[in-house]
Amino acid sequence: MSLKTSTPKINRRFWPYLLIAPASFVILLILGFPVYRLFTLSLQQFGLDEIISGIPVWVGLDNFTILIRDPEFWVVLRRTLIFTFGMVFFSVVIGAFLAHLMVRMHPIIRWLLNTTLILVWAIPALVGVSIWKWMFSYEFSIITTTLNRLGFDFAQRNWFTNPISGFTIIGAIVVWGAVPFIAISIYAALTQVPKDLIEAAAIDGANSHQIFRSIIFPILLPIYVILISLSIIWDFQVFTQIWVVLDSRPPSEYYTMAIYAFEKSFGLSEYGMGAAIALLMIVALLGVTWFYIRKMIEIGETRER
Amino acid sequence: MRDKSSVSSNISGIFATILLGFPIYWMVTTSFKSREDVLSTEPKFLPSTLTIQNYRDAFAREGFETSLRNSLVVVSLTVLVSLFLATFASIAIARMKFRGKRTFITSLLIVQMLPLSALIIPLFLLLTKLQLTNKLPGLALTYVAFILPFTIWTLRGFLAGIPNDLEEAALVDGCNRIQAYQHVLLPLMAPGLVATAIFAFIQAWNEFLLAYIIMQSQDNLTLPVWLAGFTTRTGTDWGPLMAASTITALPVVIFFALIQKRIATGVTAGAVKG
């Protein structure tokens, strides 16, 4: 009997580690190691020669000082921040607007909109880019032909020559893809606001503004915080839409941090410099990320209880 | 306060439906349009004739079938391997107490938030060194790593909802621990496994950036990378491109509709990479 109970005891101590080992190994290899390598790489001069020889040249903080002195870096950073802010703002505002409207829609119209939202959400990013490229193509596209029909002269207009109109279209692609998730999440949260609580408050004489402020808003706040954090994290690093819309050759007016790091590394083979930019991106996102992770851990812990 | 529908929100709702849905409508109708309709200088909101010629052209185009096959291989590998690894890990964190559990969970969440576009540089150098570039299993392995945190987290949530007593009962009835998991826990986990499998499918099927960097030879492209190169190589052949896009989107749309609710709650309560 004593033998029988002692074996599982030893097992029990090692089982969990055995179970998480394969997953941990893959994550450490493919995600953990590159994080460490990103740090070391940013302190090295690492180009094609170094890839072949395998011997890196350590340069200390040179990559960072070169970057900070480079006016282009600041232009790119500013552009990325403005672009990110615009996309986050419009996707959250439109998403929230739709969600709050959905509560008051006729069920059939709500179902129509909800189905459309799910469809749009499901469209792969690359398919979305292809469609928008076609809609804004300079020849035969629906936007150009319709505008011509309406009497504007936009024949043969390349919308991407001007970075402002180009970024507007790229931003629209991103926002179009982001709105469904935001709208559906907020709508889901709205439907979870307990009705009896609102009714009780109304009976007690609260007006709709008071009800919103003291009942609906506190329930919605955490979901808004999460959605905005996630949007910032996602939109700050938008790559695919810019890259593919501009046929994999974005002109320098279209460089955002992600494109800039990519071009430095894979275009110019300055991997050390690219890593330095990427590291600065992570640092810039760290505040937002940290906030988000803390929120997640809190949720995880309350569930555990 | 009653949920009564108001005229203005109904009108806005219809307007939003049309505006948001239009690009998808446009993709599908273009894919069935004749060449004359596609290349018309007048806007043609309705196709004058319907044809499947664009689909024939897309399939006949160089590389389409190869990349479709590649995508299927990578996706199957990713789904299978990530499910296996995630099932093990989630049982450990949902059902067992061990030192370092908190660290493990926290690092899953942190890893989840790492921006892919920042990691791509060292990742590319690592995969080059391991000679995993240009290989379908190499790409699948990276997808597994990126998908694991979410799948583990989701399965853990599922397990948390299954009462402990069930396995205990099985243990009392003379099962050993592995049998208890196999016969009691695993069947109950099935819906969670299906949901995470679909999630892994969608992520791997849609992914562009990693595939673009890692798979450089023409025989190794996945569908999104092939789609991205469509216009640059051949000029503008929009009909077949929209047909290929529709084919690419179709499986995702179907699968997505099945698990949309779970993803919606999963993203906000468990983090998904976008």
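For clarity, every value in this text was computed on a predicted model and none was experimentally measured. (Residues numbered from 1 in each chain as written. Chains lettered and ligands numbered in written order. Predicted model: local features only at pLDDT ≥ 70, side-chain atom pairs only at ≥ 80, totals over all residues. Heavy atoms only, no water.)

Peer 1: Honestly, the overall build of chain A in this entry has me stumped. Any pointers?
Peer 2: When its secondary structure is counted, chain A shows 13 helices and two strands. Against the compact-globule benchmark of 19 Å for 305 residues, chain A has a radius of gyration of 25 Å, which places it well outside the compact range. Counting only C-alpha atoms, chain A reaches 90 × 75 × 35 Å along its principal axes. The buried share of chain A, reckoned over its 305 residues, is 50%. Taking the contacts inside chain A whose residues are at least 6 apart along the sequence as the reference set, 64% of them involve residues at least 24 apart. Summing over all exposed atoms, chain A offers an accessible surface of approximately 15200 Å²; the carbon and sulfur share of this is 67%. Taking the 21 positively charged and 18 negatively charged side chains of chain A as two groups, their mean positions are separated by 11 Å. (Helix = DSSP H or I, 4+ residues; strand = E, 2+ residues; numbered from the N terminus. Rg over C-alpha atoms; globule rule 2.2 N^0.38 Å. Buried < 20%, exposed > 50% of the residue type's maximum accessible area, 1.4 Å probe, protein only. Contact = heavy atoms within 4.5 Å. Areas by Shrake-Rupley, 256 points an atom, 1.4 Å probe, with all protein chains shown as cover. Lys, Arg positive; Asp, Glu negative; His and termini not counted. Charge placed at Lys NZ, Arg CZ, Asp CG, Glu CD.)

Peer 1: Quick question: what am I supposed to make of the interface of chain B and chain A here?
Peer 2: When the parts come together, some accessible area is lost, and that loss is often what is quoted as the size of the interface. Of the residues lining the interface, 101 residues belong to chain B; the matching set on chain A comes to 95 residues. Note on chain B versus chain A: buried area summed over both sides is about 8700 Å², and carbon and sulfur give 79% of it. Inspection of the chain B/chain A interface yields one salt bridge. Notably, a salt bridge pairs Arg149 of chain A with Glu42 of chain B, separated by 3.1 Å at the nearest N-O pair. (Buried area = accessible area lost by both parts, 1.4 Å probe. Salt bridge = Lys/Arg side-chain N within 4 Å of Asp/Glu carboxyl O.)

Peer 1: What should I look at first to understand the packing of helix H4 (residues 64-95) of chain B against helix H7 (residues 136-160) of chain B in this one?
Peer 2: Helix packing for two helices is described by the angle between their axes and how far apart those axes are. All names here are of chain B. Where H4 meets H7, the closest approach of the two axes is 6 Å, and the angle between their N-to-C directions is 40 degrees. Once H4 is placed against H7, the crossing between them reads as right-handed. Here the contact of H4 with H7 is composed, by residue class, of 21 nonpolar, six polar and two charged. (Axes fitted to C-alpha atoms, helices over the stretch in contact; angles between N-to-C directions. Left-handed = near helix turned anticlockwise from the far one by under 90°. Nonpolar A, V, L, I, M, F, W, Y, C, P; charged D, E, K, R; others polar.)

Peer 1: Before we go on, may I ask you to explain the packing of aromatic side chains in this structure?
Peer 2: For any pair of aromatic rings, the description rests on two quantities: the centre-to-centre distance and the angle between the ring planes. Applying the stated criterion across every chain yields a total of 38 aromatic pairs over all chains. Ring centres of Phe85 of chain A and Phe89 of chain A lie 6.0 Å apart, and the angle between their planes is 25 degrees; on these two criteria the pair is classed as stacked. With Phe85 of chain A and Phe89 of chain A both in helix H4 (residues 71-102), this residue pair falls four residues apart, about one helical turn. For Phe85 of chain A, a relative accessible area of 59% gives the class exposed. Of the residues examined, Phe89 of chain A reaches a relative accessible area of 41% and is grouped as partly exposed. Three or more aromatic residues joined by ring pairs form one cluster here, namely Phe239, Trp243, Phe262, Phe266 and Tyr271 of chain A together with Phe124, Phe208 and Tyr212 of chain B. Residue placement shows Arg37 of chain A over the ring face of Phe46 of chain A; its charged tip is 5.2 Å from the ring centre. The ring centre of Trp153 of chain B lies 4.8 Å from the NZ or CZ of Arg156 of chain B, which sits over that ring. (Phe/Tyr/Trp six-rings, centres within 6.5 Å; stacked < 30°, edge-to-face > 60°. Lys NZ or Arg CZ within 6 Å of the ring centre and 35° of its normal.)

Peer 1: Would you take a moment to explain the nonpolar core for this structure?
Peer 2: Nonpolar side chains in soluble globular proteins tend to be buried together. Judged by nonpolar contacts, the single largest core of 195 residues is most densely connected at Leu117 and Ile242 of chain A together with Leu148, Ile152 and Leu210 of chain B. Broken down by element, this core gets its largest block of residues, 16 residues, from helix H8 (residues 163-191) of chain A. Once you skip the residues sitting within four places of it in the chain, Leu148 of chain B turns out to touch Ala23, Val26 and Ile27 of chain A together with Ser82, Leu85 and Ala86 of chain B. (Core = buried A, V, L, I, M, F, W, Y, C linked by side-chain atoms within 4.5 Å.)

Peer 1: What exactly am I supposed to notice about the pattern of salt bridges here?
Peer 2: Opposite charge on two side chains lets them pair, provided their charged atoms get close. In total, this model carries four salt bridges over all chains according to the counting rule given. The closest approach of N and O atoms between Lys133 of chain A and Asp247 of chain A, which form a salt bridge, is 2.9 Å. In this pair, Lys133 of chain A sits in helix H6 (residues 125-135) while Asp247 of chain A sits in the loop between helix H11 (240-245) and helix H12 (257-267), placing the two residues 114 residues apart along the sequence. Take Lys133 of chain A: its relative accessible area is 11%, and that puts it in the buried class. Several salt bridges converge on common partners, so that one network encompasses Arg35, Arg61 and Asp237 of chain B.

Peer 1: When you look at empty space enclosed by the protein in this model, what are you seeing that I'm missing?
Peer 2: Any empty space left between the atoms is revealed when a probe the size of a water molecule rolls over them. Under the criterion given, the structure shown has five cavities of 30 Å³ or more. The computed volume of the second largest cavity comes to approximately 50 Å³. If you go around the second largest cavity, you meet 13 residues; those closest to its centre are Phe140 of chain A together with Trp26, Asp37, Glu42 and Lys44 of chain B. The residue makeup of the lining of the second largest cavity, split by class, is six nonpolar, three polar and four charged. (1 Å grid on protein atoms, 1.4 Å probe; cavity = no way out; pocket = protein on both sides within 12 Å on 5 of 7 lines; lining within 4 Å. Points joined across faces, edges and corners; volume = space filled by probe spheres on them.)

Peer 1: Hey, could you run me through helix H10 (residues 208-236) of chain A in this one?
Peer 2: A turn of α-helix holds 3.6 residues, and therefore any two residues three or four places apart point the same way. Residue and element names in this part refer to chain A. Taking 1.5 Å per residue, 29 residues should reach 42 Å; H10 reaches only 36 Å between its end C-alpha atoms and comes up short. Maximal helix bending in H10 amounts to about 50 degrees, located at Phe217; proline Pro218 follows within four positions. For H10, the N-terminal cap is Asn207; the gap from its side-chain oxygen to the backbone nitrogen of His209 is 3.1 Å. (Expected span 1.5 Å × (residues − 1). Bend = angle between axes of the 7 residues up to and from the residue. Polar contact = N/O pair within 3.5 Å; in protein donor to acceptor, adjacent residues only side chain to side chain.)

Peer 1: Looking at this model, I keep getting lost on the confidence of the model for chain A. Mind explaining?
Peer 2: Note: predicted coordinates in regions of low pLDDT should not be interpreted at a detailed level. Residue and element names in this part refer to chain A. Predicted confidence across chain A gives a mean pLDDT of 87, with 92% of residues reaching 70 or more. Mean pLDDT in chain A bottoms out at helix H13 (residues 271-304), which sits at 79, and peaks at H4, which reaches 95. For residues 1-7, every residue scores under 50 in pLDDT, and the model assigns this stretch zero contacts once sequence neighbours within four places are set aside. (pLDDT = per-residue confidence, 0-100.)

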